[in-house]
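Commentary on secondary and tertiary structure
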Amino acid sequence: MNAPPNSSAPPSPNLRERAQSRLHAKHTQTDVAKDASKALRVLFDLASSPATAHDALALLHELQVHQVELDLQNEELQSSRAELEASWTRQTQLMDASPSAQLILDGSGCLAACNVQALRCLAQSWPQLLGKPLNTWICPMDRPRVQAWRKNAEQRSQPISLGFSLQAGGATARAVWAAACANPLSPGVLMSWVDAPDALA
């Protein structure tokens with residue numbers, strides 16, 4: 001039995017040209033794209049001829065190696081995706097388990113994301129909050145200074161604090177102590193709050 005073809009030796013350009021010519025003669029390019037087995041059939045035909053067998057086998061080997069490489073790349077991508085999804089799930093669980101309300105506001109002060117504690121504080125579901133201005137739930141007399149504080153926080157990498165009152169629906173005003181800083185990933189701020197000490201019973 002002959003030794004397997006050396007995979008390091010690329011198939012001759014002449015063989016590639018002949019294979020392409022035969023494919024073109026038998027099928028349209030659209031047909032070939034839809035049915036890769038037709039291309040392999042041409043290679044097997046070339047492999048059956050003593051004049052082209054060596055180069056055809058070399059090309060087949062090259063294709064097999066390339067297929068294995070693609071399979072390995074796909075496995076790595078699937079593994080990376082699974083790791084990212086697991087990491088995202090862990091981060092979401094940690095954020096929702098936080099004792100403080102955590103929010104992401106966009107550059108105009110509207111809700112872009114929040115955790116479960118923020119939903120509870122504001123007595124809203126996520127679809128009701130998304131894209132709404134935070135001012136909607138701030139007591140009217142506190143809105144001007146909260147607005148100024150938020151604008152100031154957009155310029156700071158370190159958090160700055162402020163106390164204000166929330167008004168969720170018809171509920172009694174809720175005093176909170178908040179901290180905010182610039183969102184490093186996009187315009188807007190990262191914000192969190194807890195009940196103000198004087199509001200604790």
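**A look at the pattern of salt bridges**
Counted under the stated rule, the structure contains 4 salt bridges. Of the charged contacts in the structure, one is a salt bridge between Arg 81 and Glu 85, with a shortest N-O distance of 3.1 Å. Of the two residues, Arg 81 and Glu 85 both sit in helix H4 (residues 53-97), 4 residues apart, roughly one turn of that helix. By relative accessible area, which is 44% here, Glu 85 ends up partly exposed. A salt bridge links Glu 154 to Arg 150; its shortest N-O distance comes to 3.2 Å.

**Digging into the pairing of strand E3 (residues 160-166)**
Most of E3 is tucked away, with 6 of its 7 residues classed as buried. Here E3 runs beside strand E4 (residues 174-182); their pairing, made up of 7 bridges, is antiparallel. Across the sheet, Phe 164 pairs through a bridge with Val 176, a residue of E4.

**Focus: the packing of aromatic side chains**
Tallied over the entire structure, the rule returns 2 aromatic pairs. Measuring from centroid to centroid gives 5.9 Å for Trp 149 and Phe 164, while their planes differ by 55°, and the two rings are tilted. Of the two residues, Trp 149 is situated in helix H7 (residues 143-153) and Phe 164 in strand E3; the sequence distance between them amounts to 15 residues. The pair Trp 149 / Phe 164 is uniform in exposure class, with both members buried. Centre to centre, the rings of Phe 164 and Trp 193 are 6.3 Å apart; their planes meet at 80°, and the pair counts as edge-to-face. Of the two residues, Phe 164 sits in strand E3 while Trp 193 sits in strand E5 (residues 189-195), which places them 29 residues apart along the sequence. On the accessibility criterion, Phe 164 (3% relative accessible area) is buried. Members of the aromatic cluster, each reached through a chain of ring pairs, are Trp 149, Phe 164 and Trp 193.

**With respect to the sheet that holds strand E2 (residues 111-114)**
If you walk across this open sheet you meet the 5 strands as E2-E1-E5-E4-E3, and the pairing is antiparallel. Two strands close off the open sheet at either side, each with one partner strand: E2 and E3. For this sheet, the mean inter-axis angle between neighbouring strands, taken without regard to orientation, is 30°. As paired strands, strand E1 (residues 101-105) and E2 are joined by 3 bridges and run antiparallel to one another. Of the residues in E2, the one forming a bridge with Ile 104 is Ala 113. In this fold H7 packs onto E1, E3, E4 and E5, with an angle of close to 150° to the strand it touches most, E3.

The rules behind the values
Residues numbered from 1 in each chain as written. Predicted model: local features only at pLDDT ≥ 70, side-chain atom pairs only at ≥ 80, totals over all residues. Heavy atoms only, no water. Salt bridge = Lys/Arg side-chain N within 4 Å of Asp/Glu carboxyl O. Helix = DSSP H or I, 4+ residues; strand = E, 2+ residues; numbered from the N terminus. Buried < 20%, exposed > 50% of the residue type's maximum accessible area, 1.4 Å probe, protein only. Pairing = 2+ DSSP bridges. Phe/Tyr/Trp six-rings, centres within 6.5 Å; stacked < 30°, edge-to-face > 60°. Axes fitted to C-alpha atoms, helices over the stretch in contact; angles between N-to-C directions. Contact = heavy atoms within 4.5 Å.

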